[in-house]
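For reference, the chains in residue letters:
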Amino acid sequence: MTDQVKPQASVLANLDEVRAMIKRHKLNDSIFAIIGLVALMIGLLTLLTLFVDLVMDGYPRFNLDFMSEFPSRRAGSAGLLSAWVGSLLVLSVTFISAVPMGVGAGIYLEEYAPKNWFSDLIEINVTNLAGVPSIIYGLLALGLFVYILGLGQSIVTAGLTLGLLILPVVIVSTREAIRSIPVAIREAAYAVGATKWQVVSQHVVHYSFGGILTGVIIGMSRAIGETAPIITIGALTFIAFLPPSPVSAEPPYLNFDWLFSGFTVLPIQMFSWLSRPNPEFHINAAATGAIIIVVTLLMNGTAIWLRYNMRKKIKW
Amino acid sequence: MVTVTTPIKAESRNLNFFYNGGNHALKGITMPLYDKKITALIGPSGCGKSTYLRCFNRMHDLYPGNRYEGQIVMHPDNTNVLADGVDAIEVRMRISMVFQKPNPFPKSIYENVAYGLRVRGETNKRVLDDKVEEALKGAALWNEVKDRQQDLAFNLSGGQQQRLCIARALATDPEIMLFDEPTSALDPIATANIEELMSELRNKLTILVVTHNMQQAARISDYTAYMYLGDLIEYGDTDKIFTNPSRKETEDYITGKFG
Amino acid sequence: MNMATQVLDTPDLPISARFAKNIKRNIKERVIEFILMLAAMSAVATTLAIVAILLYESASFFEHVSIVDFLTDTQWTPLFEDAHYGIMPLVAGTLTTSFIALLVAVPIGTIGAIYLSEFASHKTREIVKPILELLVGVPTVVFGYFALLFVTPMLQTFLPNLPAFNMLGPGIVIGIMVVPYIASLAEDAMRAVPMSMREGSYAMGATRFQTALRVVTPAAVSGIVAAYILAISRAVGETMVVAIAAGQQPTLTFNPMEGAATITAYIVQVAMGDLPHGSIGYQSIFAAGLVLMLMTLAFNLIGHATRKKFRESY
């Protein structure tokens, strides 16, 4: 019934050879798979090593005193109080300056800007700014904020510097979030008579809130760890006091003197302890490093988790 | 019956296929591929014809969770290409494939055609040159590209790219060639060229072609199978299928009442 | 229905008043658009400010120092009595640490990306990709600690002559730091290669490795190269790791076993001191910053151009 066809010259003639060759090739596959896994693991395990190393080195300092003491000449009794308060204040300035500006810029570029050389120019600018080394922002701040504007080596200078630094992150993530909202949603809103700003503020921004938030969190976590630009503005000094409190019991209740106060932040404090020759201070540095890592990883982790969940939930 | 005198190159026996997630895409397909003949698969979108074709070179292995049941047996050695012990790579070395959209590699024309040979470990320049020339001639592309074999394949027109992909598939002397709607992305002139080429290739090897275009099936194939929702509705001589189908469903599809 | 009739019968506003409301609304829309445009201009303003400040301070610097000296002198000692202003030692330090970083990061990052894109299961990828993104976010000052107190001591166990401040340790650490960056960007480039191209290769009987090496990698090459270039730009601009662990002595050397200052480390060193505003030392960090800016700008422009070209090809 099924007449046989005569064997063809190609594979069948030397099937054993072909099989041996395939086996060899597949061995290459497996070898590479192992090398690849190892390469990835180097990256991942390094972080783990780094973290474990920091925690182990810094272990003796993990107590409440470390958080509630000022820096001191004696490593054992030195603490992070002025550093974490400083970080908090600097970051609030960063948040207040970068978020409205970055989100506004993102909205403008996606919703308003005509597609011409001007929007191209802004776009190229944003991409390039994201690649500018952070220390260059420090030089900008040193020249502009510290001396030309006379803001000094203060919290407001540091906050604005970091604000400019994370601006591209906020702009880019705002744009991406807005871009993922389909035109149909906008048309639906326009069709019931909404103005452009109503469409943008009540619909576009509203629905892309999660994406924007993700970008803001990533930006802020970057700002927490940034050291170079803040050193460059000349903030590396011994700070054993707190800035004046932003709130007070008597009218006018709020005061803004703290903006112009000297300060230190967590990574600067870590760097300053790290550059001491006395290894006792290295313990403090390690503990500070562990704290910085935990904070940034928590923030980044939240952002990535948010983004991942949004991708899963929303199907336009 | 004419078929008795024609040897069978391969056949599927009670072939079932399940996509990842359980979608039962092929339901017990039993069908022969006659040696050095063109068999066409027709049917409406989603009928399983491409799924069936891609079983032959185990393309479904590339995506996790897909599952075959039944057999596809190749002759003369009676190898069940779906068997666990048979390596998909070995199968693909015997059965080559041309895709719906031309998919040349980002390499020169020469390297595209030589790819299969290089994958098989061939390094001898003379052998490669000869084989590339032979394949390009076989795919009726030699005259157009012989002076620019080092050009990037992307610079060719769509029809030329598809012929290049045929040359790539030819270069390794396959026993069977699978064509998955090879002309659906091409203009009518390029389509005519490819159809002519397939008719010529029939002298060398066995062809299984999926086509959306019934006229194309009628023009080029020796045998035609009509599939619908994963079932093989009717299989037979192309002439018979198109002039006197035995099943009502086939007739409805052929005459355009459906699909 | 009721409302509609009511409006038609007794318009609650005369036409002119409604028109006035339109104008008011239009003005509001215009004002908002203008404010948003100002926000967008902040990006341009930042760039202009950076360029202006760097050029302005550098201009004062070059009033004292000839460009020829700046580019050819082999010593950089602006703070010494016998001041020399040759940028080359700093550039050499920067290039050496960056080069070591690339030696580490390019192979590991590329192999990791190939593995992730072509070999790893969907599930592995879903887990590893976010971790890579996490790694990109680890502050560099922490990596500085790692270089000074972990990697260098470890290297000293088999390189006993290695000084405490050297370029090798920080170079390696910067390399590890940019691995996730390269892996992530290169993996994106490879995932963007259409599946049909992989199928074409597998259909010819190729293995995973052959497909990855001969088809996917060449197809994604401009995206991968862009990842390298952007990584170089990061390595060149990296500050804290070198400031902490590479030493602060500007030395014209490419020997990774020696300590040497990079451009960034020099800026940090000067900024930490108490230099009077307007002094030549103060101006010198802007001149150094200008060189750094030009180097990274060049890399970034090339990197983005390659990336764009790569996107256009699909």
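Residues numbered from 1 in each chain as written. Chains lettered and ligands numbered in written order. Predicted model: local features only at pLDDT ≥ 70, side-chain atom pairs only at ≥ 80, totals over all residues.

### A short note on the environment of Phe80(C)
Where we set the bar: Helix numbering and strand numbering both begin at the N terminus, where a helix is a DSSP run of H or I of at least 4 residues and a strand a DSSP run of E of at least 2.
Checked against the element boundaries, Phe80(C) lands in the loop between α3 (67–72) and α4 (88–119). Distance from Phe80(C) to Leu252(C), taken between C-alpha atoms, is 17 Å for residues 172 residues apart in sequence.

### Structural notes on helix α1 (residues 49–56) of chain B
Given 3.6 residues per turn, any residue in an α-helix points the same way as the ones three and four places further on. Residue and element names in this part refer to chain B. The condition is simple: For every residue, the other C-beta atoms within 10 Å of its own C-beta are counted; 20 or more classify it as buried, 12 or fewer as exposed, and values in between as partly exposed. C-beta atoms are placed from the backbone.
Of all eight residues in α1, seven are buried; the element is thus mostly enclosed. Buried residues of α1: Lys49, Ser50, Thr51, Tyr52, Arg54, Cys55 and Phe56, and no others. Looking one or two residues past α1, Arg58 carries a phi angle of roughly 55°, positive in sign.

### A look at the domain arrangement of chain A
All names here are of chain A. The following threshold applies: The split into domains, and so the bounds of each, comes from an automatic or database assignment of domains. Here contacts are defined at the residue level, using C-beta atoms placed from the backbone and a cut-off of 7 Å between them. All amino acids are sorted into three groups, where Ala, Val, Leu, Ile, Met, Phe, Trp, Tyr, Cys and Pro are nonpolar, Asp, Glu, Lys and Arg are charged, and the leftover types, Gly among them, are polar.
Under the domain assignment used here, chain A contains domain 1 (1–61) and domain 2 (63–313). Taking only C-alpha atoms into account, the centre of domain 1 sits 42 Å from that of domain 2. At the interface, seven residues of domain 1 touch ten residues of domain 2. Along the lines of polarity and charge, the residues of the side of domain 1 that touches domain 2 split into four nonpolar, one polar and two charged.

### A closer look at the sheet that holds strand β4 (residues 67–74) of chain B
Residue and element names in this part refer to chain B. Note the threshold: When DSSP locates at least two bridges between a pair of strands, those strands are taken to pair. Between the N-to-C directions of two axes lies an angle of 0 to 180 degrees, each axis being a line fitted to C-alpha atoms and, for a helix, fitted only over the stretch in contact.
What the four strands build is an open sheet, ordered β2-β1-β4-β5; its pairing is antiparallel. Looking at the sheet topology across the chains shown, the edges are occupied by β2 (24–34) and β5 (79–80). Across the sheet, α1 is in contact with β1 (8–18), β2 and β4; its angle to β2 comes to roughly 60°.

### Thoughts on the nonpolar core
The test is simple: A set of buried Ala, Val, Leu, Ile, Met, Phe, Trp, Tyr and Cys residues, joined to one another through C-beta atoms within 7 Å, is what we call a nonpolar core.
Ala167(B), Ala105(C), Val173(C), Val178(C), Ile182(C), Ala227(C) and Ala231(C) are the most contacted members of the largest nonpolar core, which totals 264 residues. Apart from residues no more than four positions distant in its own chain, Val173(C) is found in contact with Phe143(C), Phe146(C), Ala147(C), Val151(C) and Val241(C).

### Looking at the packing of helix α5 (residues 122–136) of chain C against helix α7 (residues 168–191) of chain C
Residue and element names in this part refer to chain C. Operational definition: Small angles under 35 degrees read as roughly parallel and large ones over 145 as roughly antiparallel, with 65 to 115 read as roughly perpendicular and the rest as oblique. Crossings are assigned a handedness: left-handed for a near helix turned anticlockwise from the far helix by less than a right angle, right-handed for a clockwise turn.
Orientation of α5 relative to α7, taken along the N-to-C sense of each, is 135°, at an axis distance of 8 Å. Considering their axes alone, α5 and α7 lie oblique with respect to each other. As α5 runs across α7, the sense of the crossing is left-handed. For the pair α5 and α7, the contacting residues are Leu132, Glu133, Leu135 and Val136 in the first and Pro180, Tyr181, Ala183 and Ser184 in the second. Along the lines of polarity and charge, the residues of the contact of α5 with α7 split into six nonpolar, one polar and one charged.

### Digging into the interface of chain A and chain C
Contacts between chain A and chain C engage 78 residues on the former and 73 residues on the latter. If one sorts the elements of the side of chain A that touches chain C by residue count, helix α1 (residues 15–58) of chain A sits on top with 19 residues. Residues belonging to the side of chain A that touches chain C are distributed by class as follows: 49 nonpolar, 24 polar and five charged.

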